[in-house]
Amino acid sequence: MNIEQNKHLANEFYRRFSASDIPGVLATMTDDAAFWIAGKPGRGLAGTLTKDRIGKVFNDMLGQLKHGLKMTVKSTIAEGDKVALEVASCGELRNGRIYDQEYHALMVLRDGKIAAIHEYLETLHANEVWFARFPTAQNKQLLEHAFAETAKGNGRTFLDAMADDVSWTIIGSTPWSKTYRGKQQLVAELLQPLRAQFAGNTTIVANRFIGEDDYVVVEARGQAATKTGRQYRNSYCWVFRFMDGKIIEIMEYADTALIDSVLDAPNFGGKENPR
C-alpha cells in the first residue's frame, strides 16, 4: 500500500468506530495487532491490549454510551508504513458523564492492515469518566432506569447494567437457590430456564430505592404467568453492589415457598440445575 492508502485505512479505523461498527474496526487490524494506551499500568486500560481484548473493551464502551462515540480525525501525517493522527472524540455515557477526549495515535501498518497502535490521551479525564468510583446517586439512577424498563417487560437494560463477572445469589434451599457467577452462567442457568417456563414477558415494578456507598437496595414486585397457567407474583428485595458503574454483586431475597410451589426445577438435558 502507498502512503495515501495507509492514511485512508487509518482514517477508516476511526470512521467505523464513530459508526459503532466494532466488527468493521477489528477488520482493519491484523490478527496479532497490539493496541498500546498511555498511562501507568494498573490504572484504567493503560498498557498493551491484544486484538481480542480491545474488541471486548470497545463493545463494553459502546454498551455504556447513549449514542456511541463520535470520533473526528483532525489531521493525518504519514511516512513509510506509519501514520500519525490527531483525533477528538465526544460522547455521553448512560450515567450522564461526558467523555470529551483528545488523542494522538501512531499506527504501524503491515500488509494492508493496522498491526500496532500507540494511543496518547488525557489519562486523568479517561480515568475520571470511565473508571472513577460512581456516586451513589448515579448508581441509583442506573437502577431506576433499568427497572423502568423491567416494568414494561424489557429486561435487556437490566442485564446490560451488570458487569461480565457479576454474581447473583438467590437465598434459600429451592432448586433455584445458588450463586450464579458471571453473565454466561447467569443467562444459561437462571434467566433462560425461567423464561422457558413463562407464557409471556415478566414485569417487575420497583417501589423503593435506598443507596449508600457502593450499595443500592431495591424493593420490587414481579408479575408473570407460567405456561401451565399458574400465576407467579413474587415480592423481592435486592441488594446490589456496584463497581465502576456496573453491578458486580446481587443478593436476592424473595418468597422461596412461592418459588418452590409455582416454578418447576430448572432442567438441563434431564439433569437439575447444578448447585
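Up top is the structure.
The rules behind each value
Residues numbered from 1 in each chain as written. Predicted model: local features only at pLDDT ≥ 70, side-chain atom pairs only at ≥ 80, totals over all residues. Heavy atoms only, no water. Helix = DSSP H or I, 4+ residues; strand = E, 2+ residues; numbered from the N terminus. Buried < 20%, exposed > 50% of the residue type's maximum accessible area, 1.4 Å probe, protein only. Contact = heavy atoms within 4.5 Å. Areas by Shrake-Rupley, 256 points an atom, 1.4 Å probe, with all protein chains shown as cover. Polar contact = N/O pair within 3.5 Å; in protein donor to acceptor, adjacent residues only side chain to side chain. Salt bridge = Lys/Arg side-chain N within 4 Å of Asp/Glu carboxyl O. Core = buried A, V, L, I, M, F, W, Y, C linked by side-chain atoms within 4.5 Å. Phe/Tyr/Trp six-rings, centres within 6.5 Å; stacked < 30°, edge-to-face > 60°. Pairing = 2+ DSSP bridges.

Undergrad: Help me understand the overall build of the protein in this model?
TA: Looking only at helices and strands, the protein features eight helices and 15 strands. With the C-alpha coordinates aligned to their principal axes, the bounding extent of the protein is approximately 70 × 40 × 30 Å. A buried classification covers 43% of the 275 residues belonging to the protein. Counting contacts in the protein only where the partners sit at least 6 residues apart, residues at least 24 apart contribute 53% of the total. Counting only carbon and sulfur atoms, one obtains 51% of the accessible surface of the protein, whose full area is about 14200 Å².

Undergrad: I would appreciate a short explanation of the environment of Ser261 in the present structure.
TA: Position of Ser261 relative to the elements: it lies in helix α8 (residues 256-262). Along the primary structure Ser261 and Arg43 are separated by 218 residues, whereas in three dimensions their C-alpha atoms are 49 Å apart.

Undergrad: Whenever I open this one, the side chain of Thr30 confuses me. Can you help?
TA: Within the element layout of this structure, Thr30 appears in strand β1 (residues 29-37). A residue is classified by how much of its surface remains accessible, and Thr30, at 9% relative accessible area, is buried. A polar contact is formed between the side chain of Thr30 and the side chain of Asp32, at a distance of 2.8 Å. Ignoring sequence-local partners within four residues, the contact set of Thr30 consists of Lys51, Arg110, Lys113, Ile114 and Ala115.

Undergrad: Before we go on, may I ask you to explain the pattern of salt bridges in this structure?
TA: Side chains carrying opposite charge are able to pair once their charged atoms draw close together. Going through the model one piece at a time under the given rule, you end up with 15 salt bridges. The shortest N-O distance in the salt bridge between Glu92 and Lys66 comes to 3.0 Å. Of the two residues, Glu92 sits in strand β4 (residues 82-92) while Lys66 sits in the loop between α3 (51-64) and β3 (70-79), which places them 26 residues apart along the sequence. Members of the salt-bridge network, linked through shared partners, are Glu12, Arg15 and Arg16.

Undergrad: Looking at this structure, I do not really get the nonpolar core. What am I missing?
TA: Across soluble globular proteins, you tend to see nonpolar side chains buried next to one another. Judged by nonpolar contacts, the single largest core of 36 residues is most densely connected at Phe13, Phe58, Tyr99 and Met107. Leaving out residues up to four positions away in the same chain, Met107 has contacts with Ala10, Phe13, Tyr14, Asp81, Lys82, Val83, Leu85, Ile114, Ala116 and Ile117. Counting 33 residues, the second-largest nonpolar core is a separate cluster that includes Leu143, Phe147, Val216 and Ala254.

Undergrad: Looking at this model, I keep getting lost on the packing of aromatic side chains. Mind explaining?
TA: The description of an aromatic ring pair rests on the distance of the ring centres and on the angle between the ring planes. Under the criterion given, the structure shown has 15 aromatic pairs. Pairing Phe158 with Trp168 gives two aromatic rings, centres 6.0 Å apart and planes at 75°, and the pair type is edge-to-face. Remark: Trp168 occurs in strand β7 (residues 162-170) and Phe158 occurs in helix α6 (residues 156-160); sequence separation between them is ten residues. Its relative accessible area of 9% is what places Phe158 among the buried residues. Ring geometry for Phe158 versus Phe240: centroids 6.0 Å apart, planes at 80°, classification edge-to-face. Pair noted here: Phe158 is in helix α6 and Phe240 is in strand β12 (residues 235-243), with a separation of 82 residues, a long-range link.

Undergrad: So what exactly am I meant to see when it comes to the environment of Lys227 here?
TA: With respect to the helices and strands, the residue Lys227 is situated in the loop between β10 (215-225) and β11 (231-232). For the pair Lys227 and Gly96, spaced 131 residues apart in the sequence, the C-alpha separation amounts to 40 Å. If we skip the residues at most four places from it in the chain, Lys227 touches Ala196, Gln197, Phe198 and Ala199.

Undergrad: Looking at this structure, I do not really get the pairing of strand β9 (residues 203-212). What am I missing?
TA: The side chains of a regular strand alternate between the sheet's two faces. Here β9 runs beside β10; their pairing, made up of nine bridges, is antiparallel. When the sheet's bridge partners are listed, Ala206 is paired in β10 with Ala220.

Undergrad: So what exactly am I meant to see when it comes to unusual backbone geometry here?
TA: Most of the time, phi is negative for any residue but glycine, and the peptide bond is trans. Non-glycine residue Ser20 carries a positive phi angle of around 60°. As for its placement among the helices and strands, Ser20 is situated in the loop between α1 (3-18) and α2 (22-27). A relative accessible area of 37% places Ser20 in the partly exposed class. Despite not being glycine, Asp111 shows a phi value in the positive range, around 55°. Position of Asp111 relative to the elements: it lies in the loop between β5 (98-110) and β6 (113-121). Taking relative accessible area as the criterion, Asp111 reaches 77% and is therefore assigned exposed.

Fair warning: the whole summary comes from geometry, so function is off the table for now.
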